[in-house]
Number of protein chains: 2
Amino acid sequence: MFKFNITVLGSSSAIPTTERNPTAQLINHNDHLFLIDCGEGTQVTLRKMHIHFQKINHIFISHLHGDHFFGLIGLISSMHLLGRTKKLTVYGPPDLKEILDLQLRVTWTELQYPLVFHPTQADKPEQIFDNESLSVFSFPVLHRIPTTGFIFKEKQGERRIRKEAISLFNIPLHEIASIKKGSDFRDSKGILHSNASLTIDPYPVRSYAYCADTAYFEEIIPVIKGVDLLYHETTFMQDKAANAAEKFHSTTKEAATIALKAGAKRLIIGHYSARYDDLQPLLLESREVFPQTELAYEGLKVSIGC
Amino acid sequence: MFKFNITVLGSSSAIPTTERNPTAQLINHNDHLFLIDCGEGTQVTLRKMHIHFQKINHIFISHLHGDHFFGLIGLISSMHLLGRTKKLTVYGPPDLKEILDLQLRVTWTELQYPLVFHPTQADKPEQIFDNESLSVFSFPVLHRIPTTGFIFKEKQGERRIRKEAISLFNIPLHEIASIKKGSDFRDSKGILHSNASLTIDPYPVRSYAYCADTAYFEEIIPVIKGVDLLYHETTFMQDKAANAAEKFHSTTKEAATIALKAGAKRLIIGHYSARYDDLQPLLLESREVFPQTELAYEGLKVSIGC
C-alpha cells in the first residue's frame, strides 16, 4: 500500500500567533509531495520539520486571503536560490499568477526552473492533477472570495497476486501483468487457474479532502462523500455561529455535521481563531457531533486509511 | 536623553534558516517605533520579542529583494485585522506600491487605516522623515538593484537648565523656555544671570546608519561620517571577496573598512550567508580592521551613544 499521509504545517486563522502558523499542509502520496496553501513562514516551518521542500512539485492554493498564500513567493524564491531546476506547478485562483509575475519582475528574478501556473475556478468541481496512482480535484466551497477545496483520490490499483501462487504454479514473469489485470492462467500442464484463486483484491482506494476556508456548505457533501480523512476548518466554537456565518467561516459543530453527513471516516479540525488558547473545548464540541474528530496542530502527521 | 536603540529582528541573507530570519530591524527613538526592512515572518518575530507592532508608524524598505520585504504585506494585513486606525507610512522603491496595491486588491482588503506610500529614489541622499527630534535620510548604496541605506539623525536639542538654578534664583515657569533657548535671566532683585551659569550643554546628537544590501562603496562614507552606530552588511568572509563583488555584497573587512574610514564609533555586522553556522570567524575578521565590531543576532538590542 502506498504511503499516504498529511502533515499540518499551520493551524491558525488569519492572524499568526507565536504558537500557531497560518495555513499550510503537506501531503505525501507514494513519496510525491504536494503542498496545500502556503501562509507566511511556511518555508521555515518546512525546514524546521526537516521536510526537503525541493521535493514538492505541486502547490495548491485554495484562495487569495493572505494567511493562505503570503508565504508562496518566499518559497518559490528560496527554491530558485537553492538551485532548483525541476518544474514546479502552482494551482490557484487566476489573480495569483499576476501577483507572482509582478513580484518576480520587481525583484529582477529569472527563475532557473519552469514555474507552471494552473488557474483554478470556483464554479464547479474539476480534476486538476493526475498521475498513475492519484487524482486531485478542486471543488467550490463557500467563502467571502472565490475559494476551492481539494480532494485527493487514489486510483484503483491492480489485483494483488498471491506470492505462493507464483511458485506453486510456476507462473512466468511475463504472465504476471495480465493476471494482475484479471486474467486467468493456464499452467504448463494445461490446467486453468481462475484469477480468483491466484489473486486477492486490490488495496482499497483512499481519499483526503481539504475544506478551507468555508462557511457551512452542504453542497460539498456529495463531493467528499465517504472520504477517509476530512480536514474542515473550524474558526469558531458554536457560540460564535453568527460570527462564523458573517465571516464565511465554520464552527466546530458545523464542521462535524459536514463530516457526519458526508460519512467521512475521520475529521481533523483547524484554522482556529487567535482568541482560542486552549483548543480542548473545540475538540469536545466537535466530538459531540462526530466522535472521530482530532485537532490539527503544527507537526501533526496523519496516515490516511490506517 | 531620549531613548534611542535598535533591535535586530533578522540577521540572515537571502535564504532564511531555522535559526536566522531574513532582514528586519526595529528602531526606537523616544518611543517612536520605526521598522527597517521586513523579511518574511517579521510580524511573528515582533510578537515573539513582545514588541507591540501597532506602535510602528513608519516602515522603511531598502530595496525589492524578497528577503527585505516579503513580510510587509502580512504585517500590513495583520495591523488591519487587529483593528488599526492610525496612519502607517511606508517608504520604499516605487514598485513596492504596485505590489502592495495588487495584493490588497486581490485579497479584497479595504484597509481600515490610511496607508501612505512615500517612494524613495536611489540617486542621491534625501530627507524622507522629520519630527521635532529626529530626521531620517535615505541614501544610495551599491547593489544589483536600486537600493538605499537609511540614516537616523537626532536634532540638536535645547540647552538643559540646571535644576538647582531654578530654586536658587526663583526662576518662574514662563522664563524657562527662553532660557533653554539661550537667554540670560534677570531675577527679582535685578541681578542678571548669564545663560552659561544657568544651563549646561544640550545632549550630544546621535545617529544610526543602516547600510544593506551593498557592495563595498566608498561613496557612502561622507554620508555616514562620524555615525555613532553603523550597521553594515557582511554577507561573506574575506576569502569570498570575489563572490561578494559579483553579487554586490560586502565582506567582513570591507564593512569594517567603511566603518573605519567613516569614523563610526561602533559597527554591527549582519546579513550572513547561510553557509556560515559559526559567526565568530566573521567577527574576528572584522575586528582586525575595526575593533568596535559586534555581531548582529536575532534579539540583539543596542542603545545608541551609550
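Small disclaimer: the values here were computed from a predicted structure and weren't measured.

**Describing the overall build of chain A**
Okay, step 1: In terms of regular secondary structure, chain A is built from eleven helices and 18 strands.
Okay, step 2: Once the C-alpha set of chain A is aligned to its principal axes, its extents read approximately 75 × 50 × 35 Å.
Okay, step 3: Taking all 306 residues of chain A together, 43% fall into the buried category.
Okay, step 4: Partitioning the intrachain contacts of chain A with sequence separation of at least 6 by distance along the chain shows that 63% fall at a separation of at least 24.

**Some details on the nonpolar core**
Okay, step 1: Core analysis: the biggest nonpolar cluster contains 130 residues, and Leu230(A) and Leu230(B) have the highest contact counts within it.
Okay, step 2: Every residue in contact with Leu230(B), bar those within four places of it in the chain, is listed here: Ala209(B), Cys211(B), Ile224(B), Ala259(B), Ala262(B), Ala264(B) and Leu267(B).

**Comments concerning helix 11 (residues 280–289) of chain A**
Residues and elements named next belong to chain A.
Okay, step 1: Taken together, the buried positions of helix 11 are Leu282, Glu285 and Ser286. Buried residues of helix 11, seen end-on, are gathered within an arc of 95 degrees and therefore sit on one face of the element. More than 90 degrees from the buried face of helix 11, the exposed residues found are Gln280, Pro281, Leu284 and Glu288.
Okay, step 2: In the core, the buried residues of helix 11 are packed alongside helix 10 (252–262), strand 16 (266–270) and strand 17 (293–295).

**Quick notes on the environment of Leu35(B)**
All names here are of chain B.
Okay, step 1: Along the chain, Leu35 turns up in strand 3 (residues 32–36).
Okay, step 2: Considering only alpha carbons, one finds Leu35 and Phe53, 18 residues apart in sequence, at a separation of 9.4 Å.
Okay, step 3: When neighbours within four sequence positions are excluded, Leu35 is seen to be in contact with Ala24, Leu26, Ile56 and Ile59.

**Quick word on the sheet that holds strand 8 (residues 134–140) of chain B**
All names here are of chain B.
Okay, step 1: Pairing is mixed in the open sheet, where seven strands are placed in the order 7-8-9-14-15-16-17. Of all the strands in the sheet, just strand 7 (126–130) and strand 17 (293–295) have a single pairing partner and so form its edges. Strand-to-strand twist of the sheet, defined as the mean angle between neighbouring strand axes without regard to direction, takes the value 20 degrees.
Okay, step 2: Bridge analysis of strand 16 (residues 266–270) against strand 17 gives three bridges, and the strand direction is parallel. Counted as the bridge partner of Ile269 is Leu295 from strand 17.
Okay, step 3: Contacting strand 15 (229–233), strand 16 and strand 17, helix 10 (residues 252–262) runs over the sheet at an angle of about 150 degrees to strand 15.
Okay, step 4: In the packing of helix 11 (residues 280–289) onto the sheet, the strands contacted are strand 16 and strand 17, and the crossing angle to strand 17 comes to about 165 degrees.

**Let's talk about the relation of the copies chain A and chain B**
Okay, step 1: When chain A is fitted to chain B, the best match, at an RMSD of 0.2 Å, comes from turning it 179 degrees and sliding it 0.1 Å along the axis. Seen this way, the second copy is the image of the first under a two-fold rotation axis. Considering only C-alpha atoms, the part of chain A nearest the rotation axis is Gly41(A), at 2.7 Å.
Okay, step 2: Of all interface residues in chain A, 97% are interface residues in chain B too; the two copies therefore contact each other through one and the same surface.

**So, unusual backbone geometry**
Okay, step 1: The amide bond that connects Ala212(A) to the next residue, Asp213(A), takes the cis arrangement and shows omega of -15 degrees.
Okay, step 2: If you trace the backbone, Asp213(A) turns up in the loop between strand 14 (207–211) and helix 8 (221–224).
Okay, step 3: Of note, Asp31(B) is a non-glycine position whose phi angle comes to about 65 degrees, a positive value.
Okay, step 4: Structurally, the position occupied by Asp31(B) is in the loop between strand 2 (24–29) and strand 3.

**Notes on the pairing of strand 15 (residues 229–233) of chain A**
All names here are of chain A.
Okay, step 1: Across the five residues that make up strand 15, a large majority, five, are buried.
Okay, step 2: Burial along strand 15 is two-sided: the face carrying Leu229, Tyr231 and Glu233 and the face carrying Leu230 and His232 are both buried.
Okay, step 3: Summarising the sheet, strand 14 and strand 15 pair through four bridges and their orientation is parallel. Directly across from Ala209, in strand 15, lies its bridge partner Leu230.
Okay, step 4: Across five bridges, the pairing between strand 15 and strand 16 is parallel.

Thresholds, definitions, all that
Starting from 1, residues in each chain are numbered consecutively following that chain's sequence as written. Each chain takes a letter, starting from A, and each ligand takes a number, starting from 1, following the order in which they are written. Predicted model: local features are reported for residues with pLDDT of at least 70 only, side-chain atom pairs are reported and counted for 80 or more only, and whole-chain, interface and lining totals are derived from all residues. By definition, any uninterrupted DSSP run of H or I lasting at least four residues is a helix, any uninterrupted run of E lasting at least two residues is a strand, and each is numbered from the N terminus. Burial is judged by counting the other C-beta atoms within 10 Å of a residue's own C-beta: 20 or more makes it buried, 12 or fewer makes it exposed, and any count in between marks it as partly exposed, with every C-beta position built from the backbone. It is the C-beta atoms, placed from the backbone, that decide contacts: two residues are in contact if theirs lie within 7 Å. Note on terminology: a nonpolar core is a set of buried residues of type Ala, Val, Leu, Ile, Met, Phe, Trp, Tyr or Cys, with members joined through C-beta atoms within 7 Å. Here the arc refers to the set of directions running from the helix axis out to each C-beta atom. Here, a strand pair is defined by DSSP locating no fewer than two bridges between the strands. In this description, a line fitted to the C-alpha atoms serves as the axis of each element, helices being fitted only across the stretch in contact, and the angle between N-to-C directions of two axes falls anywhere from 0 to 180 degrees. Here the copies are matched by least squares. The fit uses the C-alpha atoms of residues with pLDDT of at least 70 in both.

Interpretation in functional terms is not warranted from these geometric data alone.
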